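So you can see what is in the structure, the chains are spelled out below.
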Amino acid sequence: MAGYKPVAIQTYPILGEKITQDTLYWNNYKTPVQIKEFGAVSKVDFSPQPPYNYAVTASSRIHIYGRYSQEPIKTFSRFKDTAYCATFRQDGRLLVAGSEDGGVQLFDISGRAPLRQFEGHTKAVHTVDFTADKYHVVSGADDYTVKLWDIPNSKEILTFKEHSDYVRCGCASKLNPDLFITGSYDHTVKMFDARTSESVLSVEHGQPVESVLLFPSGGLLVSAGGRYVKVWDMLKGGQLLVSLKNHHKTVTCLCLSSSGQRLLSGSLDRKVKVYSTTSYKVVHSFDYAASILSLALAHEDETIVVGMTNGILSVKHRKSEAKKESLPRRRRPAYRTFIKGKNYMKQRDDILINRPAKKHLELYDRDLKHFRISKALDRVLDVMQDSDFFLCCFPTCTIKTPEITVSIIKELNRRGVLANALAGRDEKEISHVLNFLIRNLSQPRFAPVLINAAEIIIDIYLPVIGQSPVVDKKFLLLQGLVEKEIDYQRELLETLGMMDMLFATMRRKEGTSVLGHTSDGFPENKKIES
């Protein structure tokens with residue numbers, strides 16, 4: 001037994017996402033704070049001015065939150081029906097919002113009652129915004145109209161009736177007070193000029209438009225609808241620059257980072273995608289628990305707020321850089337203390353005694369050394385017999401270090417005792433083994449070892465199938481997993497065959513051999529240059 005050789009744990013390449021600067025930047029947020037609202041959160045908007053509070057529109061209320069508060073510091077509830085799209089003015093002192101009854105209300109942040117009420121729409125107003133001069137409001141409604149209002153006089157200035165379906169989104173130019181953009185369910189995005197009576201530009205998105213965003217420079221426009229996010233060059237007459245299709249469901253909201261170099265999109269597929277505005281490739285992604293309706297970023301990307309359909313408001317704050325406190329340094333031994341005697345030369349009468357380093361075996365190696373094969377397998381599966389919690393969950397070892405478990409299974413198979421280690425297990429023990437197989441069988445690096453183990457388990461426990469509903473369910477899951485992998489392999493082989501055909505047709509030969517005849521009557525190969 002003294003010569004026992006420990007099991008060699010095979011190392012595998014680490015599979016995971018590539019760590020980039022964007023990954024480090026967007027992962028540098030604290031655990032999200034979740035706030036429950038009264039209904040679906042349809043709009044989140046940050047104040048452009050300190051202290052950068054944000055307005056949350058949900059149900060028939062508008063809540064104003066401080067950046068680090070979990071309770072609203074102010075509430076506007078003077079709405080007869082559902083409120084929509086509360087938006088701050090550039091100075092952060094006024095707030096405008098639409099409502100289901102077709103009214104547009106203007107609020108002072110320091111008060112509660114509306115300062116102005118604009119009546120003119122006949123259906124729900126889903127988009128409002130301030131123009132660049134701060135004295136006008138643009139609104140779009142389900143009555144297919146877009147209206148421009150004068151704040152001092154509370155009067156309607158212009159009405160545009162060019163859309164043929166609901167107007168659900170819009171924004172005003174931050175540079176020109178006469179320009180504003182609207183998006184509609186008629187699949188079009190239109191740019192209006194207050195100095196004219198009709199739109200000056202129109203682009204076809206191809207899907208009902210849910211959100212539009214104008215870059216601060218005014219040269220690029222982003223529209224979102226269906227699964228598509230499209231970028232348009234306004235300086236070239238609305239030329240389509242790029243069409244992005246990275247979501248699986250409808251894209252509902254758009255947002256720009258504070259630097260303008262990253263574009264964020266939220267979708268009903270519960271994901272927020274971060275794009276680079278230079279390459280328009282996805283550089284990061286966030287996952288949420290429910291479908292996303294609204295999204296907003298604070299100044300300097302310090303806070304990201306996401307509103308969801310289930311009424312949950314998710315707030316993430318950026319981690320603050322911890323300042324290193326200057327603690328008094330403890331006096332440590334001098335360098336010469338550590339190297340004392342290192343260069344000592346052995347003398348003639350000296351006897352050199354080497355102390356052998358004691359090697360400690362892992363627990364599973366001790367079990368294997370004493371031929372406790374079932375216990376060794378149980379130990380790497382980390383079966384907690386006395387804990388109901390661990391019995392209903394996946395074992396910790398199977399999640400963090402599956403390499404060790406696979407190596408032990410491989411060693412038991414090499415010894416020819418894997419069937420003995422897997423046999424004689426009760427319902428709970430075999431469920432843990434099946435859980436491990438279900439979780440790791442589809443990984444190519446483990447598949448050769450685990451497929452053999454799965455075959456042995458099926459051979460051993462086939463006579464008792466049907467006696468335990470828990471084990472039967474695990475076997476059905478394992479069967480579905482194997483069938484899915486077979487389908488994947490079949491599709492990959494078909495794709496490989498198509499690619500081979502494409503590559504074969506793309507190869508061009510430098511010349512083609514044509515059989516000819518010489519003057520003597522003998523055949524001759526002539527080469528025609530292509």
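The structure presented is a predicted model; accordingly, all values stated were derived computationally and were not measured.

The rules behind each value
- Residues numbered from 1 in each chain as written.
- Predicted model: local features only at pLDDT ≥ 70, side-chain atom pairs only at ≥ 80, totals over all residues.
- Heavy atoms only, no water.
- Pairing = 2+ DSSP bridges.
- Helix = DSSP H or I, 4+ residues; strand = E, 2+ residues; numbered from the N terminus.
- Axes fitted to C-alpha atoms, helices over the stretch in contact; angles between N-to-C directions.
- Salt bridge = Lys/Arg side-chain N within 4 Å of Asp/Glu carboxyl O.
- Buried < 20%, exposed > 50% of the residue type's maximum accessible area, 1.4 Å probe, protein only.
- Phe/Tyr/Trp six-rings, centres within 6.5 Å; stacked < 30°, edge-to-face > 60°.
- 1 Å grid on protein atoms, 1.4 Å probe; cavity = no way out; pocket = protein on both sides within 12 Å on 5 of 7 lines; lining within 4 Å.
- Points joined across faces, edges and corners; volume = space filled by probe spheres on them.
- Nonpolar A, V, L, I, M, F, W, Y, C, P; charged D, E, K, R; others polar.
- Patch = residues over 30% accessible without salt bridge, like charges linked within 9 Å, V, L, I, M, F, W, Y side chains within 5 Å.
- Areas by Shrake-Rupley, 256 points an atom, 1.4 Å probe, with all protein chains shown as cover.
- Contact = heavy atoms within 4.5 Å.
- pLDDT = per-residue confidence, 0-100.
- Lys, Arg positive; Asp, Glu negative; His and termini not counted.
- Charge placed at Lys NZ, Arg CZ, Asp CG, Glu CD.
- Expected span 1.5 Å × (residues − 1).

Peer 1: Even after reading the chapter, I still don't get the sheet that holds strand 23 (residues 262-267), so can you show me in this structure?
Peer 2: Backbone hydrogen bonds are what pair the strands of a sheet, in a parallel or an antiparallel way. What the 4 strands build is an open sheet, ordered 22-23-24-25; its pairing is antiparallel. Lying at the two open borders of the sheet, with one neighbouring strand each, are strand 22 (251-256) and strand 25 (282-287). Averaged over all pairs of adjacent strands, the angle between strand axes in this sheet comes to 20°, irrespective of strand direction. In terms of strand pairing, strand 24 (residues 271-276) meets strand 25 through 5 bridges, oriented antiparallel. Residue pairing in the sheet places Val274 in a bridge with His284 of strand 25.

Peer 1: When you look at the pattern of salt bridges in this model, what are you seeing that I'm missing?
Peer 2: Opposite charge on two side chains makes pairing possible when the charged atoms of those side chains draw close. If you walk through the whole model with that rule in mind, you get 14 salt bridges. For the salt bridge of Arg372 with Asp367, the shortest nitrogen-to-oxygen distance reads 3.1 Å. Residue Arg372 is classed as partly exposed on the basis of its relative accessible area, which comes to 36%. Two residues, Asp378 and Arg425, come together in a salt bridge whose shortest N-O distance is 2.6 Å. One end of the pair, Asp378, is in helix 4 (residues 373-381); the other, Arg425, is in the loop between helix 8 (418-422) and helix 9 (427-440), and 47 residues separate them in sequence. The exposure class assigned to Asp378 is partly exposed, which follows from its relative accessible area of 21%. Shared partners join several salt bridges into a network, and the residues in it are Asp178, Asp193 and Arg195.

Peer 1: Can you help me understand the sheet that holds strand 5 (residues 74-76) in this one?
Peer 2: With antiparallel pairing, the 4 strands of this open sheet are ordered in space as 2-3-4-5. Of all strands in the sheet, those bounded by a partner on one side alone are strand 2 (41-46) and strand 5. The average undirected angle you get between the axes of adjacent strands in this sheet is 20°. The sheet contact formed by strand 2 and strand 3 (residues 54-58) spans 5 bridges and is antiparallel. Paired with Phe46 across the strands is Tyr54, a residue of strand 3.

Peer 1: It is not clear to me how the packing of aromatic side chains should be interpreted in this structure. Could you clarify?
Peer 2: The description of an aromatic ring pair rests on the distance of the ring centres and on the angle between the ring planes. Summed over the entire model, instances satisfying the criterion amount to 13 aromatic pairs. Between Tyr54 and Tyr65, the ring centres sit 5.5 Å apart and the planes meet at 20°, which makes this aromatic pair stacked. Of this pair, Tyr54 sits in strand 3 while Tyr65 sits in strand 4 (residues 61-65); the two residues are 11 residues apart in sequence, bridging distant segments of the chain. The buried category is assigned to Tyr65, whose relative accessible area is 2%. An angle of 25° between the planes, with centres 5.8 Å apart, marks the rings of Phe180 and Phe192 as stacked.

Peer 1: Could you clarify how one ought to interpret the layout of surface pockets in this entry?
Peer 2: Summary: where empty space remains is shown by rolling a probe the size of a single water molecule over the atoms. If you add up the space inside the second largest pocket, you get close to 420 Å³. Contributing to the lining of the second largest pocket are 20 residues, with Leu441, Ile451, Leu478, Leu481 and Val482 lying nearest its centre. Taken together, the elements giving at least two residues each to the lining of the second largest pocket come down to helix 10 (447-461) and helix 11 (469-506). A per-class count over the lining of the second largest pocket returns 13 nonpolar, 4 polar and 3 charged.

Peer 1: Even after reading the chapter, I still don't get a nonpolar patch on the surface, so can you show me in this structure?
Peer 2: On the surface, a cluster of nonpolar side chains totalling about 420 Å² of accessible area is made up of Met499, Leu502, Phe503 and Met506. Mapping Phe503 onto the fold places it in helix 11.

Peer 1: So what exactly am I meant to see when it comes to the environment of Tyr52 here?
Peer 2: As for its position among the elements, Tyr52 is in the loop between strand 2 and strand 3. C-alpha of Tyr52 to C-alpha of Ala298: the two residues are 246 residues apart in sequence and 6.9 Å apart in space. Excluding residues within four positions of it along the chain, Tyr52 makes contact with Phe46, Ser47, Arg67 and His299.

Peer 1: Help me understand the confidence of the model for the protein, please; the structure alone is not making it clear to me.
Peer 2: Detailed reading of predicted coordinates is not advised where the pLDDT is low. On average, residues of the protein score 86 in pLDDT, and 89% of them reach the 70 mark or higher. Throughout residues 383-399 the model reports pLDDT below 50, and contacts reaching past four residues in sequence, or to other chains, amount to 27 contacts. Low confidence marks residues 510-515, where pLDDT is under 50. Its contacts with residues over four positions away, or in another chain, come to 17 contacts.

Peer 1: When you look at the pairing of strand 18 (residues 211-214) in this model, what are you seeing that I'm missing?
Peer 2: For a regular strand, the rule is simple: side chains alternate between the two faces of the sheet. Side chains Ser211 and Leu213 of strand 18 all project onto a buried face; the interleaved residues Val212 and Leu214 project onto the opposite face, where all are buried too. As defined by bridge partners, strand 18 adjoins strand 19 (residues 220-225) across 4 bridges and the pair is classed as antiparallel. The residue bridging Leu214 from the neighbouring strand is Leu221, located in strand 19. Linking strand 18 back to strand 19 in an antiparallel pair, the connection comprises 5 residues, with Gly218 at a positive phi of about 80°.

Peer 1: I keep staring at the side chain of Asp301 and nothing clicks. Help me out?
Peer 2: Looking at where Asp301 falls in the secondary structure, it is placed in the loop between strand 26 (292-297) and strand 27 (303-308). This buried residue, Asp301, is left without a salt bridge; Arg318 holds the nearest opposite charge, at 5.2 Å. Other than its neighbours up to four places away in sequence, Asp301 contacts Tyr25, Trp26, Tyr29, Ser257, Ser258 and Arg318.

Peer 1: Help me understand a negative patch on the surface in this model?
Peer 2: A cluster of like negative charges, contributed by Asp81, Glu100, Asp101 and Glu119, occupies part of the molecular surface. Structurally, Asp81 is set in the loop between strand 5 and strand 6 (83-88). Take Asp81: its relative accessible area is 36%, and that puts it in the partly exposed class.

Peer 1: I keep staring at helix 7 (residues 402-415) and nothing clicks. Help me out?
Peer 2: An α-helix turns once per 3.6 residues; consequently, residues spaced three or four apart project the same way. For helix 7, with 14 residues, the first-to-last C-alpha span of 20 Å sits near the 20 Å given by 1.5 Å per residue. Of all the positions in helix 7, only Pro402, Glu403, Thr405, Val406, Ser407, Ile408, Ile409, Glu411 and Leu412 are classed as buried. Gly416 sits one or two positions beyond helix 7 and adopts a positive phi of about 80°.

Peer 1: How should the environment of Phe107 be read in this particular structure?
Peer 2: Within the secondary structure, Phe107 is located in strand 8 (residues 104-108). Its relative accessible area of 0% is what places Phe107 among the buried residues. With 19 residues separating them in the primary sequence, Phe107 and Phe88 have C-alpha atoms 9.6 Å apart.

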